[in-house]
Amino acid sequence: MDWKEKKKSSLSQLMTYAGGHKKLTILGCTLSGVSAVLAMAPYICIWFVARGVFSSLTNLSSARGLIQYGWIALWLAAASLLIYFAALMCTHLAAFRTAKNMRQSAAEHLVDVPLGYFTANQSGRLRKIIDDNAGMTETLLAHQLPDLVGAVVTPVAAIVLLFVFDWRMGLICLVPIVIAVVLLIRMMGGKNARFFSRYQKAIENLSAEATEYVRGIPVVKVFQQTVYSFKTFYSSIMSYRDLASDYAMSCRNPMTGFTTVLNGTFLLLIPAGMLLCGVASSGWAVLIDLLFYILFTPMCALMMMRIMYASEAKMQADEAVRKLEEIMSISPMEEPSEPKVPLNAGIEFQEVTYTYPEAAVPALSKISFRIPEKTTVALVGPSGSGKSTAASLIPRFWDVQEGSVLVGGMDVRRLSSKALMNQVAFVFQDTRLFKTSLFENIRAARPDATREQVLAAAYSAQCKDLLEKLPDGLDTVIGTKGIYLSGGECQRIALARAILKDAPIIVLDEATAFADPENEALIQKAFETLTKGKTVLMIAHRLSTIQNADLILVFKNGKIAERGKHHELLLLTFIGTFCELNLYV
């Protein structure tokens, strides 16, 4: 599906996801309409019974035949319930399959989007969009949509019935319904029409900031701070409060009027009916009609309530589909029609410029450098200088807008994603481990690896002491029974992954950032095994990590400010400092 070609309604998009189960949704809605019509039939039977009773007051024996109307009403009510049950069975099956297809389509699409998309979007947010929003559509398709069809069919039949027996009382019953519709449009339209969009954004922000606040609680306690220390969290709480309060207050008057009008029909109907009974030539006939309207009017109120709830569900589904569309509209990473094979493990940047989506300033501006095969180049510089951006362009986390990134003499955009991933191994600053055994965590780099190969990689990554202290060694499951690893220990597991993968190119992004001195020493030993005979791109701040690099590139504001070996840069720094001091002599 090309999401850019045509913007469909949310219901049309949901029907697209339903696939072959679309017919079940249509059948369920049709049955719901039939059930709604049958649900009104007992009221007609009650009218016939009432008319027969009043006409038989002088001869009660003639009223015995009226019992058949009771049986007809019973069977019609039972048929209405059974048909409604069948309708819900159809819509539930279709709703569950539609939600499943939505989740599956989004998950399959995410596999093909650039890897950088996942660094810019938190996994919790993506899970909420895919899982929770797909779940929101279940309520609409399973319950609210068939109820809405029934609620739409009912007024047509109801209006006919309202005017069949006594058009005057029918008109009196219709007036509150019209007023209720006007109030419903006022409540659901205007600025409230986009409420659920703003509500979902507020919930997402609140969830993300709450997570960060919980993570920072130790810092808050140590320094005796309050929630105001996390201004963004406090701000998100206040924004959510204001949004919910504004919506509630904007709906207060329309909702009060809506409920009052629907429940106040009798305030007009009964006096009008009594007046008509007094002036009519046949007061008993008018009284029978009034009895019908008294019994039938609550059904009209229930119909309007169903329309209101269905409208809310429709707004939620619109927002759910829109959120999912945001994911589906992300262009997948383009695969070359004729993929090339890298000639070696060298890396080269040629006049590369890259600007992040919606950013005003380029993260990288016309940078060029070369990393010969089996050499180590370190990228240093302040935060936001473009180091990590440059590293992320090698495995195509993002694609450059100008220039080209070459691996093995070939533009990375001309390599298949599989061939490119086979060339590169990563160790990130933020290491992510699965909630499974250490064995499976390490073997994720090479699923066909044997236990002996995994164990050898773990030992090469200096994980021997870690395995010895854990209760089940390599088979210990992380995240259960209170078993968690420190930042430095997680980095060593990540290094074991990279060692097991044995790729010719290694990208290290702040691999020692969260390591204590003891873990850093072990990680440095693991580096020796990991980087031996490999092409290495290293991003680091610590001197101990980069001083042996073959070349150091100093990034500043998206450009390479200086380049050279460690001692050369130290000499340049010394000369620059000396010159500055002379200016003040």
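Residues numbered from 1 in each chain as written. Predicted model: local features only at pLDDT ≥ 70, side-chain atom pairs only at ≥ 80, totals over all residues. Heavy atoms only, no water.

## Notes on the overall build of the protein chain
Of the regular secondary structure elements, the protein chain holds 20 helices and ten strands. Counting across all 585 residues of the protein chain, residues that qualify as buried make up 44%. Taking as baseline every contact in the protein chain between residues at least 6 positions apart, the subset at least 24 positions apart corresponds to 78%. Of the accessible surface of the protein chain, which amounts to about 30,600 Å², a share of 62% is contributed by carbon and sulfur atoms. (Helix = DSSP H or I, 4+ residues; strand = E, 2+ residues; numbered from the N terminus. Buried < 20%, exposed > 50% of the residue type's maximum accessible area, 1.4 Å probe, protein only. Contact = heavy atoms within 4.5 Å. Areas by Shrake-Rupley, 256 points an atom, 1.4 Å probe, with all protein chains shown as cover.)

## Description of a nonpolar patch on the surface
There is a patch of nonpolar side chains on the surface, built from Ile67, Trp71, Leu74 and Trp75 and spanning about 520 Å² of accessible area. Here Trp71 is to be found in helix H3 (residues 67–112). (Patch = residues over 30% accessible without salt bridge, like charges linked within 9 Å, V, L, I, M, F, W, Y side chains within 5 Å. Salt bridge = Lys/Arg side-chain N within 4 Å of Asp/Glu carboxyl O.)

## A look at helix H17 (residues 487–501)
Over its 15 residues, H17 extends 21 Å from the first C-alpha to the last, a length consistent with the 21 Å expected when each residue adds 1.5 Å. Backbone geometry just downstream of H17 places Asp502 in the positive-phi region, at approximately 55°. (Expected span 1.5 Å × (residues − 1).)

## A look at the packing of aromatic side chains
How two aromatic rings sit relative to each other is set out by the distance from centre to centre and by the angle between their planes. Taken as a whole and judged by the stated rule, the model has five aromatic pairs. Each ring, one from Tyr354 and one from Tyr356, has its centre 5.0 Å from the other, and the planes form 85°; the classification is edge-to-face. We classify Tyr354 as buried; its relative accessible area is 2%. An angle of 90° between the planes, with centres 6.1 Å apart, marks the rings of Tyr356 and Trp398 as edge-to-face. Within this pair, whereas Tyr356 is found in the loop between strand E1 (347–354) and strand E2 (364–371), its partner Trp398 is found in the loop between helix H12 (387–393) and strand E4 (402–407), the two being separated by 42 residues in sequence. Look at Tyr356 and you get partly exposed, because its relative accessible area is 30%. Among the aromatic residues, those joined into a ring-pair cluster are Tyr354, Tyr356 and Trp398. (Phe/Tyr/Trp six-rings, centres within 6.5 Å; stacked < 30°, edge-to-face > 60°.)

## Points about the environment of Gly564
Locating Gly564 in the fold gives a position in strand E10 (residues 559–564). For Gly564, a relative accessible area of 4% gives the class buried. On a C-alpha basis, the gap between Gly564 and Val554 in space is 8.7 Å, while along the polypeptide they are ten residues apart. Leaving out residues up to four positions away in the same chain, Gly564 has contacts with Leu551, Ile552 and Leu569.

## Considering the sheet that holds E4
Spatial ordering of the open sheet is given by E2-E1-E4-E5, a layout of four strands whose pairing is antiparallel. If you trace the sheet from one side to the other, it starts and ends with E2 and strand E5 (410–411), each paired once. One ladder, built from five bridges, connects E1 with E4; its direction is antiparallel. Each residue of the ladder has a partner; that of Thr353, found in E4, is Glu402. (Pairing = 2+ DSSP bridges.)

## Focus: the nonpolar core
In terms of nonpolar packing, the biggest core is built from 42 residues, with Leu438, Ile442, Leu495, Leu508 and Leu530 touching the most fellow members. A per-element tally of this core places H17 first, with eight residues. If sequence neighbours within four positions are ignored, Leu530 has contacts with Val427, Leu495, Ala498, Ile499, Ile506 and Leu508. In this structure, Val352, Tyr354, Ile367 and Ile539 belong to the second largest nonpolar core, which totals 32 residues. (Core = buried A, V, L, I, M, F, W, Y, C linked by side-chain atoms within 4.5 Å.)

## Some points on the side chain of Thr25
With respect to the helices and strands, Thr25 occurs in helix H2 (residues 22–55). By relative accessible area, which is 3% here, Thr25 ends up buried. Here Thr25 is in contact with Met15, Thr91, Ala94 and Leu145, once residues within four sequence places are set aside.

## Details of helix H15 (residues 451–460)
Turning to H15, its buried residues are Val454, Ala457 and Ala458. Around the axis of H15, the buried residues are gathered within 100° of arc, so they sit on the same side. Buried residues belonging to H15 abut helix H14 (438–443), helix H16 (464–469) and H17. Downstream of H15 by a residue or two, Gln462 has a phi angle that is positive, lying close to 60°. (Arc of directions from axis to C-beta.)

## Looking at the sheet that holds strand E7 (residues 505–509)
Sheets are built from strands paired through backbone hydrogen bonds, the pairs being either parallel or antiparallel. Pairing within the open sheet is mixed, and its six strands lie in the order E6-E7-E8-E3-E9-E10. Sheet topology places strand E6 (424–427) and E10 at the edges, where each strand pairs with a single neighbour. Going from strand to strand, the sheet's axes swing by 20° on average, the running direction of each strand aside. Here E7 pairs with strand E8 (residues 535–539) via five bridges, running parallel. Opposite Leu508, over in E8, you have Met538 as the bridge partner. (Axes fitted to C-alpha atoms, helices over the stretch in contact; angles between N-to-C directions.)

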